[in-house]
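The chain contents come next:
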Amino acid sequence: ETVKLNQQAIQLYRQGKYSEAIPLAKRALAIREKVLGREHQDVATSMTNLAELYRVQGNYTKAKPLLLKALAIREKVLGKEHPDVATSLNNLAGLYWQLENYTKAEPLFLQALAIREKVLGKEHPDVANSQNNLAGFYFSQGNYIKAEPLFLQAVAIWEKVLGKEPPFMATSLNNLAELYRSQGNYIKAEPLIIRALAIREKVFGREHPDVATSLNNLAVLYEVQGYYGKAEPLYLRTLA
């Protein structure tokens, strides 16, 4: 029954129907706690799923204790250097980041990255995910010196392991381009935005919202350089 409940909850989550998904996720958690006990790794997974639903609703008060419990269970059952522990650390760090508690978020991101590098190797996609998360964290605070090498490392790993067109890489390319744009380094920014746009058009089609985001980013880049003839058609396409 828990498998069916989780599948239904995931489907509702993908549809943005968070309020409808939460009762299903709570029920799945309750069943697993009753059948498996309160310190089983599947219970930790259910807690994490429920916490994510609360997080996307902005209900951080309910999300935080669930993530803390999930982390404690995984550390006890799996050991402190298991990849699932790194996932919990990363989730908790992301929550603290949203709460603007940067002093708590940063060491958790770093710990998650260290575990993944040690256990999975330095060229694993999950290591790239951790580097990307940490880069985004630094980037949001304007710490470009720390953010840039992490973005570059993450992209290099994804390119080597997954190829040059995983859709999520477009976000990192855009972030890296924005970093260069904010520094006035338009020569480095332009090819990254163009590449992100090409990935999104290929993966999502030419009328996806993420494609519009890339078009707008490229238009802004041209506008700040005074290339209004290049910027205008991109803005018009974004608007359309």
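A brief structural summary. (Residues numbered from 1 in each chain as written. Predicted model: local features only at pLDDT ≥ 70, side-chain atom pairs only at ≥ 80, totals over all residues. Heavy atoms only, no water.)

**Thoughts on the overall build of the protein chain**
- Looking only at helices and strands, one finds twelve helices and zero strands in the protein chain.
- With the C-alpha coordinates of the protein chain rotated into their principal frame, the extents come out at 65 × 35 × 35 Å.
- Looking at the 240 residues of the protein chain, the share that counts as buried comes to 38%.
- Within the protein chain, counting contacts between residues at least 6 apart in sequence, those at least 24 apart form 52% of the total.
- By element, 53% of the accessible surface of the protein chain is carried by carbon and sulfur atoms, the whole surface being about 12,700 Å².
- Distance from the positive charge centre (30 side chains) to the negative charge centre (24 side chains) of the protein chain: 5 Å. (Helix = DSSP H or I, 4+ residues; strand = E, 2+ residues; numbered from the N terminus. Buried < 20%, exposed > 50% of the residue type's maximum accessible area, 1.4 Å probe, protein only. Contact = heavy atoms within 4.5 Å. Areas by Shrake-Rupley, 256 points an atom, 1.4 Å probe, with all protein chains shown as cover. Lys, Arg positive; Asp, Glu negative; His and termini not counted. Charge placed at Lys NZ, Arg CZ, Asp CG, Glu CD.)

**Comments concerning a nonpolar patch on the surface**
- On the surface, a nonpolar cluster with roughly 250 Å² of combined accessible area is contributed by Val161, Leu162 and Phe168.
- With respect to the helices and strands, the residue Leu162 is situated in helix H8 (residues 144-162). (Patch = residues over 30% accessible without salt bridge, like charges linked within 9 Å, V, L, I, M, F, W, Y side chains within 5 Å. Salt bridge = Lys/Arg side-chain N within 4 Å of Asp/Glu carboxyl O.)

**Some thoughts on the packing of aromatic side chains**
- Tallied over the full model, the rule gives ten aromatic pairs.
- Summarising the aromatic geometry, the rings of Trp97 and Phe109 are spaced 6.0 Å apart at their centres and angled 80 degrees between planes, so their arrangement reads as edge-to-face. Within this pair, whereas Trp97 is found in helix H5 (residues 83-98), its partner Phe109 is found in helix H6 (residues 102-120), the two being separated by twelve residues in sequence.
- A relative accessible area of 26% means that Trp97 is categorised as partly exposed.
- Overall, the relative accessible area of 2% leaves Phe109 in the buried class.
- Taken together through their ring pairs, the aromatic side chains of Trp97, Tyr102, Phe109, Phe137 and Tyr138 make up a single cluster.
- We note Lys230 situated over the ring of Tyr227; from NZ or CZ to the ring centre the distance is 5.6 Å. (Phe/Tyr/Trp six-rings, centres within 6.5 Å; stacked < 30°, edge-to-face > 60°. Lys NZ or Arg CZ within 6 Å of the ring centre and 35° of its normal.)

**Let's talk about the side chain of Asn174**
- Within the element layout of this structure, Asn174 appears in helix H9 (residues 169-182).
- Using a relative accessible area of 7% as the deciding quantity, one classes Asn174 as buried.
- What Asn174 contacts, discounting residues up to four positions off in sequence, is Ile193, Ala196, Arg200, Ser214 and Asn217.

**Some remarks on the side chain of Arg116**
- Looking at the secondary structure, you find Arg116 in helix H6.
- No salt bridge is formed by the buried Arg116; the nearest opposite charge belongs to Asp126, separated by 4.8 Å.
- The contact partners of Arg116, leaving out residues within four places of it in the chain, are Ala86, Thr87, Gly121, Asp126, Val127, Asn129 and Ser130.

**Looking at unusual backbone geometry**
- Here the phi dihedral of Glu100 falls at roughly 65 degrees; this positive angle occurs in a residue that is not glycine.
- Mapped onto the elements of the fold, Glu100 is located in the loop between H5 and H6.
- Overall, Glu100 belongs to the exposed group, its relative accessible area being 59%.

**Examining the pattern of salt bridges**
- Across all of its chains, the model carries ten salt bridges by this definition.
- The salt bridge involving Arg38 is made with Glu33; its shortest N-O contact spans 3.7 Å.
- The partner of Glu106 in a salt bridge is Lys146, with the nearest N and O atoms 3.8 Å apart. One end of the pair, Glu106, is in helix H6; the other, Lys146, is in helix H8, with 40 residues separating them in the sequence.
- You can call Glu106 partly exposed: its relative accessible area is 23%.
- Among the residues examined, Lys146 registers a relative accessible area of 39% and is labelled partly exposed.
- Overlapping salt bridges, with partners in common, bring together Glu201, Arg206 and Arg237 in one network.

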